[in-house]
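# Geometric and topological summary
Chain by chain, the residues run as shown.
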Amino acid sequence: MDTVGRILAAATAVFARAGYGGARIAEIAREAGVNKAAIYYHVGGKEDLYRAVLRQAIGQTTLYLDRLFAEATTPVEKIRVYVDTINRVIEENPHIPPIVIRELATGGEHLPQVIIEDVIKIIGRLKGVIEEGAAKGELYPVHPLLVHLITAGTLALYRMVGTIVFPAFQAYDLPSKEEIGEKVKEIVIRALVRRDVG
């Protein structure tokens, strides 16, 4: 991994553990195996690091969706792709949900504007799919923000609380972290797809 990659990986772990307010450049430097000057040189200050960490995951989601939506032929197929993409991004970036949840809990006080714009783009892509599906009579006209919150929220929280909750629910047949993406996709499809379409 190159220097920037090590810095961003360390920053992601520190922000997930300590939040923006508790994160220190010195701790990030120590975890990355670089000095503070290298962080300022390669990425910038704490705000720049935070933005880069969030953009790495949230910004790539739009790129994935654009590419995969272009390959999908129906609105129903695009909804499946959407859930798979959100699941993939959360799976590949396990430190991002704690960061985002901490931001939501504090009213987004440190959330960079560019990240808000990225989320608006994701929801905008989803809105287009839902509108297309509703116009074709394939999907119910559900607000895309609700679909996004149900999808991303469930996938993120399930992975975060698993170690706490799973032991208490051993008697239940809970999906594994690997199976949860398919279960959420099934729920979203059942909620959105008109019964006569299947």
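Described below are features of the structure shown in this document.

Quick notes on the rules
Residues numbered from 1 in each chain as written. Predicted model: local features only at pLDDT ≥ 70, side-chain atom pairs only at ≥ 80, totals over all residues. Heavy atoms only, no water. Phe/Tyr/Trp six-rings, centres within 6.5 Å; stacked < 30°, edge-to-face > 60°. Buried < 20%, exposed > 50% of the residue type's maximum accessible area, 1.4 Å probe, protein only. Helix = DSSP H or I, 4+ residues; strand = E, 2+ residues; numbered from the N terminus. Expected span 1.5 Å × (residues − 1). Bend = angle between axes of the 7 residues up to and from the residue. Contact = heavy atoms within 4.5 Å. Salt bridge = Lys/Arg side-chain N within 4 Å of Asp/Glu carboxyl O.

### Considerations on the packing of aromatic side chains
- All told, the structure shown has three aromatic pairs when counted by the stated rule.
- When the ring of phenylalanine 15 is compared with that of tyrosine 20, the centres are 6.1 Å apart and the planes differ by 5°; the resulting orientation is stacked. Accessibility classification places phenylalanine 15 together with tyrosine 20 in one group, the buried group.
- Their ring planes at 70° and their centres at 4.8 Å tell us that phenylalanine 15 and tyrosine 50 sit as a pair that is edge-to-face. Taken as a pair, phenylalanine 15 in helix H1 (residues 3-22) and tyrosine 50 in helix H4 (residues 46-71) lie far apart in primary sequence, 35 residues in all.

### Describing H1
- For H1, spanning 20 residues, the distance from its first C-alpha to its last is only 23 Å, which falls clearly below the expected 28 Å at 1.5 Å a residue.
- At alanine 16, H1 shows its maximal bend, which comes to roughly 80°.
- Three or more residues of H1 are buried, namely Gly5, Ile7, Leu8, Ala10, Ala11, Thr12, Ala13, Val14, Phe15, Ala16, Gly19 and Tyr20.
- Where H1 is buried, its residues touch helix H2 (25-32), helix H3 (36-42), H4 and helix H6 (96-105).

### Details of the pattern of salt bridges
- Here the structure, examined in full by the defined rule, presents 14 salt bridges.
- Between glutamate 47 and arginine 51 there is a salt bridge whose closest N-O contact spans 3.6 Å. Of this pair, glutamate 47 and arginine 51 both sit in helix H4, four residues apart, which is roughly one turn of the helix.
- The residue aspartate 84 makes a salt bridge to lysine 185 at a minimum N-O spacing of 2.8 Å. Within this pair, whereas aspartate 84 is found in helix H5 (residues 75-92), its partner lysine 185 is found in helix H9 (residues 180-192), the two being separated by 101 residues in sequence.
- Note on aspartate 84: relative accessible area 34%, which makes it partly exposed.
- Beyond isolated ion pairs, a larger network of salt bridges with shared partners links Arg17, Glu27 and Glu31.

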